[in-house]
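Survey of secondary and tertiary structure
Chain residues, written in single-letter form:
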Amino acid sequence: MRILMTNWVYLPEFSGAALQCHRLSRALQRQGVQINVLTGTHERGMAGPDRIDDIPVHRVLRDVSSPIGQIRYFRAMQSFIRQHWRLFDIVHTHGFHPRVNMLVSKI
């Protein structure tokens, strides 16, 4: 099984949802599940591919200080999912991403 986890932030940026996502990802990984994380970041230097505890992480820049920044963030999330949707069996969203959820349900 191949799962894409989506989250508002992910380690080393901290939130309760990020910690829960990481713990769940590690537990599933130990059971042989392939995990990838798609998340946002407000740190320009952190955007792009990364790896945390052998979990592939892709961060997109999240600037929610303006409506245009919010649109860019959700478009980047959607773009990643559109390009890679065949690589995943399940998309597990941590938190509320309405545009991401709508896109995934359509695919």
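Described below are features of the structure shown in this document. Remember, predicted model here, so these are calculated numbers, not experimental data. (Residues numbered from 1 in each chain as written. Predicted model: local features only at pLDDT ≥ 70, side-chain atom pairs only at ≥ 80, totals over all residues. Heavy atoms only, no water.)

1. Examining the packing of aromatic side chains
How two aromatic rings sit relative to each other is given by the distance of their centres and the angle of their planes. Taken as a whole, this structure holds 2 aromatic pairs when the rule is applied. Here tryptophan 8 and tyrosine 73 contribute two aromatic rings whose centre-to-centre distance is 5.4 Å and whose plane-to-plane angle is 80°, an arrangement assigned as edge-to-face. Within this pair, whereas tryptophan 8 is found in the loop between β1 (2-7) and α1 (16-30), its partner tyrosine 73 is found in helix α2 (residues 67-84), the two being separated by 65 residues in sequence. Take tyrosine 73: its relative accessible area is 0%, and that puts it in the buried class. Among the aromatic residues, those joined into a ring-pair cluster are Trp8, Tyr73 and Phe74. (Phe/Tyr/Trp six-rings, centres within 6.5 Å; stacked < 30°, edge-to-face > 60°. Helix = DSSP H or I, 4+ residues; strand = E, 2+ residues; numbered from the N terminus. Buried < 20%, exposed > 50% of the residue type's maximum accessible area, 1.4 Å probe, protein only.)

2. Here's the deal with the pairing of strand β3 (residues 48-52)
By the bridge criterion, 5 bridges tie β3 to strand β4 (residues 55-61) in an arrangement that is antiparallel. By the bridge assignment, isoleucine 52 is partnered in β4 with isoleucine 55. (Pairing = 2+ DSSP bridges.)

3. Notes on the side chain of arginine 59
Looking at the element boundaries, arginine 59 is found in strand β4. Under the relative-accessibility criterion, arginine 59 is labelled buried at 2%. Here aspartate 50 takes part through its side chain, which lies 2.8 Å from a polar atom of the side chain of arginine 59. Ignoring sequence-local partners within four residues, the contact set of arginine 59 consists of Tyr10, Leu11, Pro12, Glu13, Thr39, Thr41, Met46, Ala47, Gly48, Asp50 and Ile52. (Polar contact = N/O pair within 3.5 Å; in protein donor to acceptor, adjacent residues only side chain to side chain. Contact = heavy atoms within 4.5 Å.)

4. Quick word on the sheet that holds strand β5 (residues 90-93)
In a beta sheet, neighbouring strands pair by backbone hydrogen bonds and run either parallel or antiparallel. The 5 strands are arranged β3-β4-β2-β1-β5 in an open sheet whose pairing can be described as mixed. Both outer strands of the open sheet, β3 and β5, are each paired with one neighbouring strand and no more. Each neighbouring strand pair of the sheet contributes to a mean axis angle of 25°, computed without reference to strand direction. In the sheet, β1 pairs with β5 via 4 bridges, with the strands oriented parallel. Bridging from a neighbouring strand, methionine 5 pairs with histidine 92 of β5. Relative to β1, α1 is tilted by about 170°, and along the sheet it contacts β1, β2 (34-41), β3, β4 and β5. (Axes fitted to C-alpha atoms, helices over the stretch in contact; angles between N-to-C directions.)

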